[in-house]
Structures are given as C-alpha cells and as structure tokens.
Amino acid sequence: MPDPNATPLLEVSDLSIEFESAERTVVAVDGVSFSMAAGSTLAVVGESGSGKSVTALSLGRLLPSPPARIRSGRVVFEGIDLLTLPEPALRHYRGGKIAYVFQEPSTSLNPVFSVGFQLSEAMALHRHDLADRRGAGLAALTEVGIRDPERCWRSYPHELSGGMQQRVMIAMALVCRPRLLVADEPTTALDVTIQAQILGLLREIRSRFGMAILLITHNFGLVKGFADHVVVMFRGKIVEQGPTDSLLASPRHPYTQALIACVPRLGDSKKRLATIDYARLDSLLTPS
Amino acid sequence: MLLEVANLVVRYPLPGGLFFRSRRFVEPVKGVSFRIRAGRTVGLVGESGSGKTTIGKAVVRLIAPHSGEIRYRQERIDGLSGARLHPYRKRVQMIFQDPHNSLNPRLSIARILGEPLEIHFPALRAQERRSRAADLLRRVGLPSDSLDRFPHEFSGGQRQRIGIARALAVEPELIVCDEPVSALDVSIQAQIVNLLQDLQQELGLAYLFISHDLAVVEHMSDEVLVLNEGRIVEAAPPEELYRNPKNEYTRKLLAAVPSL
C-alpha cells in the first residue's frame, strides 16, 4: 500500500484544454483532476470524444498548439509542473521518464528504419549511461517476449505482425526505463487473443520494473484485473473515479453504469445488449 | 437451406515464376464446410490469419474458390463469373470492418445508397431512388436529411449504419458481416449489434457474422464455427460452446475474452 502522505508521481489538477478554430472553440478537457502514486495503475475510461486521449497527450505536451490551448491547470510530475517547463527541459521527461504506447503500432513505428535503429535512437536520446545499446535493446526485446530478438532487431516494421509491432513499441518505451508508461488504447487494433497477451505483458513489466501505468481505454472489460484505480470521463469531465473493485461492484454515476452494462459478456447469448441513453444523461448532467 | 459450403479451399499464388505460372501458393482456407439457414446467424470466429475473411469473400464471390462447392438455394455459384453472378449479388451482400475505408469519400450518402438501387432496380426513377434511400436511412436509425451529406460528416458508428443501409438497399437475404464492430467503441458496438438483430427480426435476414471476439460472436449467433489455420476446429451452438468447449483452441479463445 503506497503511503498516502508521500508526494504522488503524477498530479493533474483542474486541467482544462480547448481547441480553437476560426468558427468555434471546443472545450475537450474540462476541469480534470486525478493523481497517481509511483508504481500504480490507473485506467481512464471513456468513449471517443470524451477527452481521455487529449488528457493523456497533454502530460507529455504532445498536443499541437494551435489548435490546442491549455486554459488552466497543472500537470505536476515528480514535483515539477510540466506545463510550464521550457521545451529542452521537457524532453528529459517526454519519452524518457514518461513513455507512450499508442493504439496503432503500424503508424507509430517508422516504416523505413529497422527495429534496431529505432530502438537505438530512443536510447541515444534518453539513455546516455548505456555503453552497449545493442545489448540493452536485445534485452528489452527479450523482456517483451520476443523469441528471436536478433532477427527482430534486423526487421523492418512491415515484416512484423500487429502484436509483434506493439511489443516492439513497449520495448522501445522500456529501454528508457520510464517512471510512467502511458498506454493509449494499446490493444484496440489487435485481436482479442493478442490483446490478452499484451495486457499480461504490461502487468508483468509493471511489477518487474515498478513503473506506473496509465491505461486509456473505451472498454470497461479491460479494467478489471489490470488497474488499481479508474477515472471515468464523459464529454471532457470526470464523472466518477475510485478504486477499481468498488467502482465496478457499485458504480454510482449513471454514465459509468451504462458504460459497464454495454460490454458483451460470455454466456448470455442472444440477449439484447444494453446501450447508452445519451438524451437521459444530458438531462441528468445539465443543471436545471 | 439458404447457403451450403462444402470442402471450400482457397489458394493464392505466391509471386515468382517469371515465364511460367507460379507453382507456389498459400492456402488460407483448407477445406471448410458449413450451412446457413434462412433468417439465422452463423458466427465465424478466429484470429488474424485464420482464414475467416477469406471465407467471407469467397461466399460473396469477391474471390473464386480453388475447389469445393458453394450452393445458394441449391444452385452452384462457386463457378459463376461476370454477368452470371449478377442475380446472386442481389441476394448476398457484405458489410466491412472499417467504416472509414468502405465508403467513397467523394460520394454523397444519396449516391452511395443510390448506386446499388440503380444497378439492381433499373426501373426506378431518380425520385423513387431518393425516397428509397431516405427509407433505408430511417431503417438504420439515421435522420433522412443525411442524404446530401458526405461520409466524413459522420462518426464511425454512423458510417457503419450507412454501410448497413447500402447492403440493405438491394433487399438481400444473406449479409456477410466481416468484423462489423471491431473498429468501434464498446458503447457503439452494442448499438450496431442490436441494430443487426432488429433488422434480422424485421426482414428475416441471414448473417454470416465474422469476428475475432468470441463474446460478440456468441451474442449474435445461432451456431458458432471456430476457425484455426484455415480449418473449422469446432462447431456448436453458442451456449454449448461456452459451457463445454471441446477443442483446446476454443478454450484459448474463451480465456482471452476480458471478464467483468
């Protein structure tokens, strides 16, 4: 049990982000606050457009600005506010202490460079202490369960399956020994069987290296057995957050209840799936 | 019986053989047999590379089988080509996984829905096609004023509804659904699954429902076929498959489904 008085690894407070265009301004993230202890796992669950990915990207200041603009809030990582940090100092965190794994491994990897080259590049930026980059890279590929790391090192992304590409992305994150791994829908593009493998791998490396994991997902099915805490986002706001077990057992917010109910379960075939009644939610959320 | 597939084999030649035809080939489907009754759903589940999409494409005859028989209402359709496939295409339609890539971005929704009507109901006048297209949109739960809009103006779930409306346009009896909900949020996935079930009730459609997700397939299907490396390793009604999986590969697929 982490000490509740210790400084959290990450503390996001009152974060609001808007997107500006000529015609209008859209508030994508609206007053979001949450924190993470070192070595913990947090799942941010929400649908497309809920602001979950924008929140995740803002941690490493990965949002293009314009159109994105931070309206308010702080993102404090190991005591440092990342939002006000000058760009050169930020690079130490982005990709180094905070690593990302994205949804689409085939577009995250550069198609014209070998896996080995791309791994070496990450180490050249973030691991000046390493003398033997090749050795460390091969070790990382082994750690993510790649059976023939030598061959993988020489391969180009198109020669690998989607599951293998995602393992390479995780290895690339791992070689930088991050304190926080942000996994933005890491398994959405993959088969269910490969998804189970990748989630198992993330769990394993988390306990082995003691890094924290922030999982972004639209699927409540992935949360159980993976995350300690859950944040539920809807239309840019956090509607509910809490420890996973109690939140799943007794979700309080109607949106959380609806999002849990629409996950298909094995063994109740042909029953009608629950759907989300957005009109009802709107009437509940709008103060009258 | 609506559709009968017997010993279906599909082969693709591998590149090579500069002067002679290549002798090397891959065989994604290695002798598969199944049947679909009118108004029922057969689910086809397997991982990437198991051959499930290839089977779907062979059934709608986007590709020709290497050997085996496909019968539609007793009639052999595996050897047909060109214009002789035309009547079959009116009976059997397909919806695809990626609603972003399966609609032409330069066509309005009216054109997207109007084209199959033009081909299969040539007697219809332009105004009649338009009103039919509006009916189709209503049927899949989209406002009929969507007709003059373009695919990019719709969300992923709405685009999948347009794909379903396009398949319905020719009044088919069988729809091959190839991973129709895999690219969608779970919340939207539930809406589309329910829509497909409603349409089946109303119109008596049969489905060949293809997915890698056993939980979704189980939800949709009267019978589930488990496919591994081009062969059916288990076929059973969904409750039985879930309660008493006989094949080891089926158990592996069941274990991979996240549980709440």
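What you see is a predicted model; the values in this text were computed from it and never measured. The numbering scheme is per chain: residues are counted from 1 as the chain's sequence reads. Both sets of labels track the order of writing: A upward for chains, 1 upward for ligands. In keeping with the predicted nature of the model, local features appear solely for residues at pLDDT of at least 70, side-chain atom pairs appear and are counted solely at 80 or more, and the whole-chain, interface and lining totals rest on all residues. No hydrogens and no water enter the side-chain calculation; it runs on all heavy atoms of the structure.

## Quick word on the packing of helix 3 (residues 109-120) of chain B against helix 4 (residues 126-139) of chain B
All names here are of chain B.
- At a minimum axis separation of 9 Å, helix 3 and helix 4 run at an interaxial angle of 110°. Comparing their axes, helix 4 and helix 3 come out roughly perpendicular. Along this stretch, helix 3 crosses helix 4, giving a crossing that reads as right-handed. Each of Ile 109, Ala 110, Leu 113, Gly 114, Leu 117 and Glu 118 in helix 3 lies in contact with helix 4, whose residues at this interface are Arg 129, Arg 130, Arg 132, Ala 133 and Leu 137.
- Looking at the contact of helix 3 with helix 4 residue by residue, the class counts come to six nonpolar, one polar and four charged. Angles shown run from 0 to 180 degrees and are taken between the N-to-C directions of axes, each axis being a line fitted to C-alpha atoms and, for helices, limited to the stretch in contact. Strands are runs of DSSP state E lasting at least 2 residues, helices are runs of H or I lasting at least 4, and numbering of each runs from the N terminus. Here the word oblique covers every angle except those under 35 degrees (roughly parallel), over 145 (roughly antiparallel) and from 65 to 115 (roughly perpendicular). Crossing chirality is assigned from the near helix's rotation relative to the far helix, an anticlockwise turn below a right angle marking it left-handed and a clockwise turn marking it right-handed. The contact definition used throughout considers only heavy atoms, calling two residues in contact when any of these lie within 4.5 Å. All amino acids are sorted into three groups, where Ala, Val, Leu, Ile, Met, Phe, Trp, Tyr, Cys and Pro are nonpolar, Asp, Glu, Lys and Arg are charged, and the leftover types, Gly among them, are polar.

## Focus: a nonpolar patch on the surface
Residue and element names in this part refer to chain A.
- Residues Val 112, Phe 113 and Phe 117 make up a contiguous nonpolar surface patch of roughly 270 Å² in combined accessible area.
- Looking at the element boundaries, Phe 113 is found in the loop between helix 3 (105-108) and helix 4 (115-126).
- Only protein chains enter the accessibility calculation, which uses a 1.4 Å probe; a residue is then buried when its area is under 20% of its type maximum, exposed when over 50%, and partly exposed in between. Phe 113 sits in the partly exposed class, given a relative accessible area of 33%. In this scheme, patches are assembled from residues that exceed 30% relative accessible area and form no salt bridge. Like charges are connected within 9 Å, while nonpolar side chains (Val, Leu, Ile, Met, Phe, Trp, Tyr) are connected within 5 Å. Every accessible area reported is derived by Shrake-Rupley at a probe size of 1.4 Å, with residue values counting cover from the shown protein chains alone. Salt bridge, as used here, is a side-chain nitrogen of Lys or Arg placed within 4 Å of a carboxyl oxygen of Asp or Glu.

## Thoughts on helix 9 (residues 248-256) of chain B
- All of the buried residues along helix 9 of chain B are Tyr 249, Thr 250, Leu 253, Leu 254 and Ala 256 of chain B. Across the axial projection of helix 9 of chain B, the buried residues extend over an arc of 165°, all falling on one side. Exposed side chains of helix 9 of chain B directed beyond 90 degrees from the buried face belong to Glu 248 and Ala 255 of chain B.
- The inward-facing, buried residues of helix 9 of chain B abut helix 8 (192-209) of chain A together with strand 3 (41-45), helix 7 (214-220), strand 9 (223-228), strand 10 (231-236) and helix 8 (238-243) of chain B.
- Pairs of N or O atoms within 3.5 Å make up the polar contacts considered here, provided that, within protein, one atom can donate a hydrogen while the other can accept it, and that residues adjacent in sequence are counted only when both atoms are side-chain atoms. At the N-terminal end of helix 9 of chain B, a side-chain oxygen is found 2.7 Å from the backbone nitrogen of Tyr 249 of chain B, two or three residues along, and the residue is Asn 247 of chain B. Think of the arc as the fan of directions from the helix axis to the C-beta atoms.

## Structural notes on the sheet that holds strand 6 (residues 92-95) of chain B
All names here are of chain B.
- Pairing in this open sheet of six strands is mixed, and the strands run 6-7-8-3-9-10 from one edge to the other. Here the strands that pair on one side only, and so sit at the sheet edges, are strand 6 and strand 10. The mean angle between the axes of side-by-side strands here comes to 20°, regardless of whether they run parallel or antiparallel.
- Any two strands with at least two DSSP bridges between them are considered paired. In this structure, strand 6 lies alongside strand 7 (residues 174-178), joined through four bridges in parallel fashion. Bridge assignment links Gln 93 to a residue of strand 7, and that residue is Ile 175.
- In the packing of helix 1 (residues 52-59) onto the sheet, contacts are made with strand 3, strand 6, strand 7, strand 8 (206-211) and strand 9, and the angle to strand 8 comes to roughly 155°.
- Running over the sheet, helix 5 (residues 156-168) touches strand 6 and strand 7 and is turned about 170° from strand 6.

## Some points on the domain arrangement of chain A
Residue and element names in this part refer to chain A.
- On domain assignment, one finds that chain A holds domain 1 (1-97 + 179-244) and domain 2 (108-177).
- Residue ranges for the domains trace back to a domain assignment, done automatically or taken from a database. Using C-alpha coordinates to define each centre, domain 1 is positioned 24 Å away from domain 2.
- Opposite the 18 residues of domain 1 that make contact, domain 2 presents twelve residues.
- Sorting the residues of domain 1 by area buried against domain 2 places Ile 198, Leu 201 and Phe 209 first, and these three jointly supply 35% of that buried surface.
- In this assembly, domain 1 and domain 2 are joined by zero salt bridges.
- Put simply, domain 1 and domain 2 have three residue pairs in polar contact (both at pLDDT 80 or more) between them.
- Elements with a contribution of two residues or more to the side of domain 1 that touches domain 2: helix 2 (87-93) and helix 8.
- Sort the elements by how many residues they give to the side of domain 1 that touches domain 2 and helix 8 lands first, with eight residues.
- Considering only residue class, the side of domain 1 that touches domain 2 consists of ten nonpolar, four polar and four charged. Summed over both partners, the accessible surface that disappears when two parts come together, traced with a 1.4 Å probe, is what is meant by buried area.

## A short note on helix 7 (residues 162-174) of chain A
Residues and elements named next belong to chain A.
- The span one expects for a helix is its residue count, reduced by one, times 1.5 Å. When the terminal C-alpha atoms of helix 7 are compared, their 18 Å separation across 13 residues agrees well with the 18 Å that a helix rising 1.5 Å per residue should span.
- The buried fraction of helix 7 is high, at eleven of 13 residues.
- For helix 7, the full list of buried residues reads Gly 163, Gln 165, Gln 166, Arg 167, Val 168, Met 169, Ile 170, Ala 171, Met 172, Ala 173 and Leu 174.

## Thoughts on the environment of Ser 259 of chain B
- With respect to the element layout, Ser 259 of chain B can be found in the segment after helix 9.
- With 134 residues separating them along the chain, Ser 259 of chain B and Arg 125 of chain B place their C-alpha atoms 52 Å apart.
- Setting aside its immediate chain neighbours within four residues, Ser 259 of chain B contacts Gly 221 and Lys 224 of chain A.

## Some words on the pairing of strand 4 (residues 67-72) of chain B
Residues and elements named next belong to chain B.
- As paired elements, strand 1 (residues 3-13) and strand 4 share five bridges and run antiparallel to each other. Note that in strand 4 the partner of Ala 6 across the bridge is Glu 69.
- Alignment of strand 4 against strand 5 (residues 75-76), held across two bridges, turns out to be antiparallel. Looking at strand 5, one finds that Arg 71 is bridged to Arg 76.
- Counting the residues that bridge the hairpin from strand 4 to strand 5 gives two residues, and of these Arg 73 lies at a positive phi of roughly 45°.

## Some thoughts on the side chain of Glu 47 of chain A
- Residue position: Glu 47 of chain A is located in the loop between strand 3 (41-45) and helix 1 (52-59).
- His residues and chain termini do not enter the charge count, which takes Lys and Arg as positive and Asp and Glu as negative. Comment: no salt bridge for buried Glu 47 of chain A; closest opposite-charge side chain is Arg 235 of chain A, at 7.1 Å.
- Here the side chain of Glu 47 of chain A touches Tyr 278 of chain A through a polar contact of 2.3 Å, side chain to side chain.
- Excluding anything up to four places from it in sequence, Glu 47 of chain A contacts Lys 52, Met 233, Phe 234, Tyr 255, Leu 259, Ile 276 and Tyr 278 of chain A together with Asp 185, Ser 187 and Ile 188 of chain B.

## Quick notes on the packing of helix 3 of chain B against helix 5 of chain B
Residues and elements named next belong to chain B.
- Two elements in contact, helix 3 and helix 5, have axes whose closest approach is 8 Å; the angle formed by their N-to-C orientations is 25°. In terms of orientation, helix 3 and helix 5 fall into the roughly parallel class. The handedness of the crossing between helix 3 and helix 5 comes out as right-handed. Mapping the contact onto sequence places Ile 109, Ile 112, Leu 113 and Pro 116 in helix 3 and Ile 162, Ala 165 and Arg 166 in helix 5.
- Of the residues belonging to the contact of helix 3 with helix 5, the class tally is six nonpolar, no polar and one charged.

## A word on the pairing of strand 10 of chain B
Residue and element names in this part refer to chain B.
- Pairing of strand 9 with strand 10, which is carried by five bridges, proceeds in the antiparallel orientation. Paired with Leu 227 across the bridge in strand 10 is Ile 232.
- The hairpin turn running from strand 9 into strand 10, its antiparallel successor, is two residues long, and Glu 229 in that turn takes a positive phi close to 50°.

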